[in-house]
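# Close look at the chain arrangement
Residue-level listing of the chains:
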Amino acid sequence: MSTPYDLPTDLSKVKKFEWDDKYDFPRDLVGYGENSFNPQWPNGAKIAVSFVINYEEGAEHTVLNGDMHSETHLWEAPGGAPKIEERAVNIESEYDYGSRTGVWRLFRLFNKFNYKYTLYAVGKAIEDNPAVGISSVKNGHDVASHAYRWIDYANMPPEKEKAYIKKEIETIAKICGEPPKGWYYGRLSSRSQALVWEVYKEMGVPLLWDSDSYADDLPYWVDVPAEKNDADPKGMLMIPYSYGWCPLI
């Protein structure tokens, strides 16, 4: 087997994958099939366009947030080795641009033409700049969750990730007036979707949709593993995300 990736030299120490009935959602490679599906958009519309603005600034990897290394994701020269126990000031300044200037340029544009967007708000980011969330609510836009930190959750223990999910819900509720009804991680773990569903249920907060999918042109429903034996399962509505136009602000 050949692979372009750098793998550990001793693969015997890597734990084999095991399916987890609590966390693993089955794949669906069939979808709506050959004839697709008519969602019957309002007013006879042919398509529905969802605008989202990802707000992550200040919540990325940085030693200033107690992380061991700097961010390497979503800046103008991505990749390369992170700086260990050292600031990457150039990367910080690119993220700072989004918070100081870029996000307000987009807000002015959307508000000028009365186009509604969903703010995918990282909790730590709007803690550092609450005006971003407050402005969105004041102008009639939706604020959804983009996790509490803009980091990779792949190796985070489940209980710690659950604590972050709860903190994110509480943060948005405190700043924006109500908890987020939708969720998009972007850098999720294999457990994240199940954990989000679990925390929302424990907190008694409605989760209307999740966007950590790129699997379709249309929204679709999935079964939630934890509801397998429920008499009245609710499922989870997936609203697929697209990288088609994902600007750095």
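Higher on the page you've got the structure.
Description of the structure in this document. Computed from a predicted structure; not experimentally measured.

## Observations concerning the overall build of the protein
What the protein contains, in helices and strands, is five helices and seven strands. Shown N-terminal to C-terminal, the secondary structure of the protein runs as helices and strands in the order β-α-β-α-α-β-α-β-α-β-β-β. Scaling as 2.2 N^0.38, a compact globule of 249 residues should have a C-alpha radius of gyration of about 18 Å, and the protein matches this with 19 Å. Summarising its shape, the C-alpha atoms of the protein cover approximately 60 × 50 × 35 Å along the three principal directions. Buried positions account for 39% of the 249 residues belonging to the protein. Considering only contacts within the protein whose residues lie at least 6 apart along the sequence, 69% involve residues at least 24 apart.

## Quick look at the packing of helix H1 (residues 89-112) against helix H3 (residues 131-138)
The geometry of H1 relative to H3 is characterised by a closest axis approach of 11 Å and an angle of 5° between their N-to-C directions. It follows from the interaxial angle that H1 and H3 lie roughly parallel. Note on element contacts: H3 touches H1 through Ala131, Val132, Ser135 and Ser136, opposite Val103, Trp104 and Phe107.

## With respect to a nonpolar patch on the surface
Nonpolar side chains collect at one region of the surface, where Ile47, Val49, Phe51, Leu109, Phe113 and Tyr115 lie side by side and expose about 630 Å² of accessible area between them. Tracing the backbone shows Phe113 in the loop between H1 and strand E2 (117-121).

## Here's the deal with the packing of aromatic side chains
Evaluated as defined, the whole model comprises 19 aromatic pairs. Considering the side-chain rings of Phe113 and Tyr115, the 6.4 Å spacing of their centres and the 35° angle between planes classify their relative orientation as tilted. According to the relative accessible area criterion, Phe113 is partly exposed, its value standing at 47%. Seen from their ring centres, Tyr153 and Tyr164 are 6.4 Å apart, and the 80° between their planes marks the pair as edge-to-face. Taken together, the positions of Tyr153 in the loop between strand E3 (142-145) and helix H4 (158-176) and Tyr164 in helix H4 put the pair 11 residues apart, joining distant regions of the chain. Its guanidinium or amino end placed over the ring of Trp150, Arg187 lies 4.8 Å from that ring's centre, counting from NZ or CZ.

## Quick word on unusual backbone geometry
The phi angle at Asn43 is positive, at roughly 60°, despite the residue not being glycine. Looking at the element boundaries, Asn43 is found in the segment before strand E1 (51-55). In the Ramachandran plot, Glu85 falls in the positive-phi region, its phi being about 50° despite a non-glycine side chain. Assignment of secondary structure puts Glu85 in the loop between E1 and H1.

Procedures and definitions
- Residues numbered from 1 in each chain as written.
- Predicted model: local features only at pLDDT ≥ 70, side-chain atom pairs only at ≥ 80, totals over all residues.
- Heavy atoms only, no water.
- Helix = DSSP H or I, 4+ residues; strand = E, 2+ residues; numbered from the N terminus.
- Rg over C-alpha atoms; globule rule 2.2 N^0.38 Å.
- Buried < 20%, exposed > 50% of the residue type's maximum accessible area, 1.4 Å probe, protein only.
- Contact = heavy atoms within 4.5 Å.
- Axes fitted to C-alpha atoms, helices over the stretch in contact; angles between N-to-C directions.
- Parallel < 35°, antiparallel > 145°, perpendicular 65-115°, else oblique.
- Patch = residues over 30% accessible without salt bridge, like charges linked within 9 Å, V, L, I, M, F, W, Y side chains within 5 Å.
- Areas by Shrake-Rupley, 256 points an atom, 1.4 Å probe, with all protein chains shown as cover.
- Salt bridge = Lys/Arg side-chain N within 4 Å of Asp/Glu carboxyl O.
- Phe/Tyr/Trp six-rings, centres within 6.5 Å; stacked < 30°, edge-to-face > 60°.
- Lys NZ or Arg CZ within 6 Å of the ring centre and 35° of its normal.

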